[in-house]
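# Breakdown of the fold
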Amino acid sequence: MRNILISITLIAILISGCTVNLWTMLPPIQPVDLVSEGDAAHGAELFTKGAHEAPPCSSCHTLGDSTFSLGPKLTGVYERAGRREPDLTAEAYLYESITEPGAYVVSGYRDIMYPHYAEKLSQQEIADLIAYLMTL
């Protein structure tokens, strides 16, 4: 959705010939009420199995003491997420990390996360996934 808004805004600017700070024109991301609406059990299933042709998170992220993972280990991610960006709650940080994976890349890791979770997963499924991540 955000990409569509950016495209429409860019076209409007090109047609009008004016220059504008695009980021001030975009609506803020409003995640669903992740705490009260998420189903952690379904989120665990999404984490391990994926859905709608989107890969499972567990294909790159590990839990526990695994020695290798392509993405950051997610045990304790909720606690760390609350400290990563001063203006974001842990839930909002996790939401943006899933829906816009290039926005916050953890030091020591590359920006290689699957970029289409926002298109493949519903808002409810994202809330479920975040509810599960909050239990780790």
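Scroll up to find the structure.
Residues numbered from 1 in each chain as written. Predicted model: local features only at pLDDT ≥ 70, side-chain atom pairs only at ≥ 80, totals over all residues. Heavy atoms only, no water.

### Things to note about a nonpolar patch on the surface
Together, F68, L70 and I112 give the surface a local cluster of nonpolar side chains, amounting to about 310 Å² of exposed area. Turning to its location among the elements, F68 is positioned in the loop between α4 (40–49) and α5 (77–84). (Patch = residues over 30% accessible without salt bridge, like charges linked within 9 Å, V, L, I, M, F, W, Y side chains within 5 Å. Areas by Shrake-Rupley, 256 points an atom, 1.4 Å probe, with all protein chains shown as cover. Salt bridge = Lys/Arg side-chain N within 4 Å of Asp/Glu carboxyl O. Helix = DSSP H or I, 4+ residues; strand = E, 2+ residues; numbered from the N terminus.)

### With respect to unusual backbone geometry
Its identity is not glycine, yet H52 carries a phi of approximately 55°, on the positive side. Of note, H52 is situated in the loop between α4 and α5. Given a relative accessible area of 47%, H52 falls into the partly exposed group. Not every positive phi belongs to a glycine, and E53 is a case in point at roughly 70°. As for its position among the elements, E53 is in the loop between α4 and α5. Judged by its relative accessible area of 73%, E53 falls in the exposed class. (Buried < 20%, exposed > 50% of the residue type's maximum accessible area, 1.4 Å probe, protein only.)

### Considering the packing of aromatic side chains
Tallied over the entire structure, the rule returns three aromatic pairs. Aromatic side chains F47 and Y132 sit 5.4 Å apart centroid to centroid with 50° between the ring planes, which places their arrangement in the tilted category. Within this pair, whereas F47 is found in helix α4, its partner Y132 is found in helix α8 (residues 123–133), the two being separated by 85 residues in sequence. Residue class for F47 comes out buried when judged on its relative accessible area of 2%. Residue classification places Y132 among the buried positions, given a relative accessible area of 13%. Geometrically, the ring pair formed by Y93 and Y104 is tilted, given 5.1 Å between the ring centres and 40° between the ring planes. You can see Y93 sitting in helix α6 (residues 90–99) and its partner Y104 sitting in the loop between α6 and α7 (117–120), a full eleven residues away along the chain. Assessed through its relative accessible area of 5%, Y93 is described here as buried. Assessed through its relative accessible area of 19%, Y104 is described here as buried. (Phe/Tyr/Trp six-rings, centres within 6.5 Å; stacked < 30°, edge-to-face > 60°.)

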